[in-house]
Every structure is written in structure tokens, then in C-alpha cells.
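Breakdown of the fold
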Amino acid sequence: MKHYITILLISFFFVRCADSMLDIQPSDQLSDYTVWDTPSTANLFLNDIYNSLNNGPIGGNWLQLPAQVSNDILDNYTDNSTYGPMGGTFSATLFDNGSYSPTNLLFTNTWRRMYENIRKCNLFIEKINTTDFDEDIKKNMIAQARFLRVYYYKILIDIYGGVPLITRVLDRSGDEEIEYPRSSYEECITFIQEECIAAAADLPLVVTGLDIGRATKGAALMLKGSAELYAERWQEAAETHKQIMELDVYDLFPDYVGLFYEDNENNEEVIFDVQYAPIVKPIRYNQYMGVPDIPSGGGWGNCDPTQELIDSYEFIDGKTKDEGSAMYDPANPYRHREKRFYASILYDGSTWRGKTLYTRLGIPNNVNEINLTGIGGNRGRTGYFMRKLQDSTFQSTPTNLIGTNSIVFRYAETLLNYAEAQNEFAGPDQSVYDAINKVRSRVEQPPLPTGLSKDQMRERIRRERRIELAFEGKWFYDIRRWRLAEGIFSRPMHGMKITEDNGVLKYEVVEVRKVLFDANKNYLLPIPQYAIDQNSKLIQNPGY
């Protein structure tokens with residue numbers, strides 16, 4: 001489960017001790033010969049590539065963590081949530097006012113770190129190809145590296161568009177050409193497809209024991225299928241996700257809440273995740289996203305769901321408030337919501353860790369009270385906090401004891417990806433209904449109404465993705481690939497102000513955030529100026 005983190009640390013410890021005693025080589029590194037001498041030592045290099053995995057781009061704040069495990073997750077760059085009371089997050093200081101640029105980056109080290117990882121993959125592949133390892137071992141190791149290489153490439157492609165495709169180790173000290181132009185977006189997608197097909201052929205269907213966490217055939221197909229989906233290669237995307245469904249390996253985990261708990265990680269729904277471990281590589285969702293105080297705990301509350309997201313959740317009759325749900329009660333708007341609402345959102349009056357959370361105004365010394373000042377302060381900004389992904393058995397105080405893995409691909413996304421691609425390619429046939437209704441049935445939501453048109457089904461699929469995958473970083477990419485961001489950010493975001501008058505609660509939707517988004521350039525991020533300066537063939541994205 002946590003094998004490559006622990007083995008990487010332990011192995012280097014023993015190698016360093018042995019080197020020191022023998023006085024053969026520097027005690028803080030393996031020689032080039034030693035690394036590639038056996039599959040076991042070569043795997044140390046591969047483990048290091050795995051240990052560099054990140055779920056999405058590298059956050060631009062001072063933590064310099066992957067965005068999805070930082071204090072400024074990708075949903076903060078959408079209308080799903082807003083940054084909380086903590087100051088200095090880039091979603092607040094750069095994204096809202098549109099001031100990010102080639103020298104003022106949202107995801108500061110993403111370009112550099114991804115190409116560093118890609119270079120490691122290139123080096124690993126070159127070196128393994130020259131060894132005399134057993135052929136099956138070589139194929140498997142190279143397949144893992146090819147998967148990891150295009151995994152890192154997809155992160156770049158998703159936010160920058162076409163990028164230079166480099167598949168060999170570049171040497172600045174020689175006479176060879178080291179400057180590469182950008183490949184087109186379509187060329188990059190084709191490259192990902194080809195690499196994933198090759199990797200999938202040599203990757204195992206399942207992994208067990210110490211190999212849990214390594215790439216599998218399903219992971220390679222999921223990477224391929226998501227690239228095809230984002231590129232609107234509908235038929236290919238549908239076929240690829242159908243392949244995953246027919247592997248007969250994955251299924252939905254029965255408990256939507258427990259799906260994200262450490263005790264249930266690597267369950268039947270998980271296709272690929274980034275491995276974390278207590279102490280050596282902890283994850284701090286509870287600290288970064290935890291409510292500031294109930295009554296004590298020290299959470300940063302830095303992902304505050306918006307009213308826009310709240311209103312997207314259906315009631316148990318399968319309709320939203322805007323669709324005229326008979327279950328909606330304006331005097332009690334959080335009653336009779338679907339199960340994913342309660343699994344994902346903390347709201348006024350909800351119970352969390354055995355205590356009642358209040359975000360309403362008027363309760364003395366309540367640090368969870370909504371902050372309507374528009375400036376920083378130790379309170380949430382929308383009247384809501386994120387519940388999903390947090391382990392309720394841990395407090396929100398800083399701790400290195402949480403090692404929950406960060407899920408990259410899971411089977412529910414496979415089903416939703418298939419439904420979207422198949423609907424766009426062939427319309428809302430029965431297989432589209434079956435896929436999306438399977439996701440809904442887990443949380444006991446009624447099936448979609450029959451007879452939907454292609455356009456109507458598209459809207460239902462998009463809403464289902466928003467709810468099912470909330471706070472998992474997917475909505476960040478969805479609203480951009482669907483070209484919805486300009487419309488979404490043309491309107492302010494809202495929270496819920498709650499007051500009490502003679503024992504009666506009054507609910508008032510209030511404006512909490514505005515985002516400046518330029519459709520002429522902001523669908524892609526600027527390539528870092530340092531990269532442009534180092535490569536004369538690298539062309540900046542339009543508008544920057």
C-alpha cells in the first residue's frame with residue numbers, strides 16, 4: 001500500500017551504510033552502475049518517480065504541494081468553492097483579479113517539476129533497455145515508466161495545451177539539439193494514446209501485496225480515455241472506457257463517505273491513486289480544509305463551498321430547487337437532500353465529530369460564523385465547509401498521522417466519462433442511462449427520466465460529474481474543456497447568510513466572490529517565462 005515510499009527510504013538508508021563501510025563510492029548516492037545492476041536497485045529509481053507523483057498541477061502557494069493536497073485545491077479555481085479565511089493563496093491573490101502571467105504563475109513549479117519527472121522516465125527507459133534483465137521484467141518496468149511519463153505530460157497538456165514532446169535524455173554539455181518546439185495539442189493527445197496502448201499491453205490487470213500503488217492496465221486505459229474525452233475524441237473515448245468496464249476488475253465501493261477513508265483505500269473502485277503514508281509522507285486535508293473550530297481544532301477552513309454548488313445537489317426526489325423539487329423547504333433548505341450532499345458539505349446545524357456546527361450570525365465567540373467582511377479573518381466565507389475527503393476520526397489540528405491516498409482515477413469517473421463520450425458520439429442510448437444510473441443508485445437517487453434528448457442528457461451528465469466528483473479537481477478541467485468558464489465567471493459567487501429572529505432562522509443568499517476571466521487567453525495558462533528564456537523555439541500561449 002505504501003511500499004514505494006517506505007522501500008525508497010529504507011533502501012537508500014542501507015545502501016548509504018554499506019557504501020560508507022566499503023568506501024567504494026559517495027555515501028549519499030548510488031553509482032550509475034549500481035542502480036542498473038539488478039532489477040531491485042533499478043526499482044529504487046522507479047520508486048523515486050512514483051514518489052514524485054502529484055494529483056494535478058503543483059500549487060503556487062508557499063507550501064509548494066500538489067494542488068489537490070494543498071491548502072488551495074483546484075475547486076477553488078472554479079465556482080464550486082472559494083478560498084477560506086487564510087490569506088495568500090493564489091486563488092485569491094492572482095486568480096480572482098486575473099493577474100497571473102508568465103512571471104506571476106498560478107502553479108509556480110508545475111512546468112519545471114513535470115519535465116524533471118519526464119526526464120527521469122526517459123533516463124529510466126533508456127537504461128533499462130540496455131540491461132540484461134529478464135525480458136518480462138524489463139517490459140513491465142518500461143511499461144510503468146511510459147505510463148508515468150504520459151501521466152506527467154497530461155498534467156502539462158491539460159493546462160498549457162500543446163507542449164514539447166521529449167522522449168530522450170537531453171545533454172546540455174554536448175552538441176546535440178536540445179531545444180524542442182511545442183507539438184500541437186492533437187499531436188500530444190495522439191502521443192498519449194500510443195504510449196498508453198503500449199504500456200497497457202505490458203502492465204498487469206491487478207497488482208497485489210508490495211506492488212499495490214503501481215500502474216495497471218486499467219490505469220493506462222483510464223489515462224488514455226480521459227485524454228480522449230478532454231480532446232473530444234468521442235468514439236475513441238467511449239470505446240476506451242468500455243474496455244475498462246469490461247475488464248471486470250472494478251466496481252463502485254458501496255459507501256460514498258468511506259470511499260475516501262484510509263481504512264478503505266485501494267478498494268475495488270480505485271483505479272489509480274497517489275500513495276501517502278503517516279509520518280513519512282502524510283496528507284493534511286483535515287488541517288487545510290477542516291473547520292476553524294468546533295469548539296477547538298485549528299483547521300484552516302480553506303475550501304468553502306459556494307451556494308452555486310449547494311444548489312446543484314438534488315433532493316431525494318431527483319430534482320433540484322430550481323427544478324421545482326417538492327422536497328425543498330425554504331425554511332429548512334438542507335433537509336431531504338441527496339446522500340452526497342451530507343457526505344460532502346458541512347452546513348449550519350450539521351453534526352461533525354460529535355458536535356453541532358453553526359455558521360449563522362449572532363452566536364457569541366463562534367469562529368465558524370460566516371465572514372461577510374470580504375477580507376481575511378479566521379472564519380469561513382460562504383457559510384459552508386468541505387466535509388468530503390476529511391477523515392472524521394481525526395481532529396483538524398496539524399498532524400502527520402494521516403496517510404490517506406489521493407485518488408486520481410476511480411470507477412465512478414469511468415462510468416461518467418463513458419456516459420459523456422457515448423452520448424456525444426451516439427446520443428442517449430441505454431448504455432448511457434445504465435452508466436449514469438449505476439452511479440446514482442449507489443446513493444439511492446432515482447434513475448434519470450427516460451426520453452431525454454442528447455442536449456438534455458449532456459446537462460444531466462455534467463451535473464452528475466459536478467456532484468459525484470466534487471472537490472476531486474475534475475471540475476477545474478471540466479468547465480474549461482466545455483468552454484463554460486467565461487459564462488460562469490461572468491457572474492458573482494454566493495454564500496448563505498443565516499440570522500435568527502425570535503427563534504426563526506432566516507436564510508439570505510449573499511455575494512462573496514468575483515473572478516475576472518478573459519476568454520481570449522485564460523482557458524490556457526501562461527507558459528513560465530523562465531521556460532521561454534531557455535528555449536528559443538518555445539512559443540507563448542496567446543494573450544500572455
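We now turn to the structure provided with this report.

Cut-offs and rules
- Residues numbered from 1 in each chain as written.
- Predicted model: local features only at pLDDT ≥ 70, side-chain atom pairs only at ≥ 80, totals over all residues.
- Heavy atoms only, no water.
- Pairing = 2+ DSSP bridges.
- Helix = DSSP H or I, 4+ residues; strand = E, 2+ residues; numbered from the N terminus.
- Buried < 20%, exposed > 50% of the residue type's maximum accessible area, 1.4 Å probe, protein only.
- Axes fitted to C-alpha atoms, helices over the stretch in contact; angles between N-to-C directions.
- Parallel < 35°, antiparallel > 145°, perpendicular 65-115°, else oblique.
- Left-handed = near helix turned anticlockwise from the far one by under 90°.
- Contact = heavy atoms within 4.5 Å.
- Nonpolar A, V, L, I, M, F, W, Y, C, P; charged D, E, K, R; others polar.
- Salt bridge = Lys/Arg side-chain N within 4 Å of Asp/Glu carboxyl O.

1. Some words on the pairing of strand S9 (residues 493-501)
For S9 and strand S10 (residues 504-513), the ladder comprises nine bridges, and the chain directions are antiparallel. Pairing of Glu500 across the sheet is with Leu505, part of S10. Between S9 and S10, which pair antiparallel and follow one another directly, the connecting turn spans two residues, one of which, Asn502, has a positive phi of 55°.

2. Topic: the pairing of strand S8 (residues 406-410)
On a regular strand, each side chain points to the face opposite its neighbour's, so the side chains alternate between the two faces of the sheet. Among the five residues in S8, five count as buried, and that is most of the element. Here four bridges tie strand S2 (residues 270-274) to S8, and the two strands are oriented antiparallel to one another. When the bridges of S8 are listed, Val274 appears paired with Ser406.

3. Description of the packing of helix H15 (residues 454-468) against helix H16 (residues 474-481)
It is the contact of H15 with H16, at a shortest axis distance of 9 Å, that shows an interaxial angle of 155°. Taken together, the axis directions place H15 and H16 in an arrangement best described as roughly antiparallel. Crossing angle aside, the handedness with which H15 passes H16 is left-handed. Packed against H15, whose contacting residues are Arg462, Arg465 and Arg466, the element H16 presents Lys474, Trp475, Asp478 and Arg481 at the interface. By residue class, the composition of the contact of H15 with H16 is one nonpolar, no polar and six charged.

4. Focus: the side chain of Thr359
Following the sequence through the fold, Thr359 ends up in the loop between strand S6 (355-356) and strand S7 (385-386). Those residues in contact with Thr359 that sit more than four places away from it in its chain are Asp348, Asn366, Asn368, Glu369, Ile370, Gly383, Phe385 and Ile498.

5. Here we look at the pattern of salt bridges
Overall, the coordinates contain 37 salt bridges when judged by the stated rule. Where Glu228 meets Lys224, a salt bridge forms, and the shortest distance between an N and an O atom there is 2.7 Å. Of this pair, Glu228 and Lys224 both sit in helix H8 (residues 217-230), four residues apart, roughly one helical turn. For the pair formed by Glu228 and Lys224, the shared burial category is buried. A salt bridge links Glu424 to Arg458, with the shortest nitrogen-to-oxygen separation between them at 2.6 Å. Placement of Glu424 in helix H13 (residues 411-426) and of Arg458 in helix H15 is noted, with a sequence separation of 34 residues between them.

So yeah, pure geometry; function would need other evidence.
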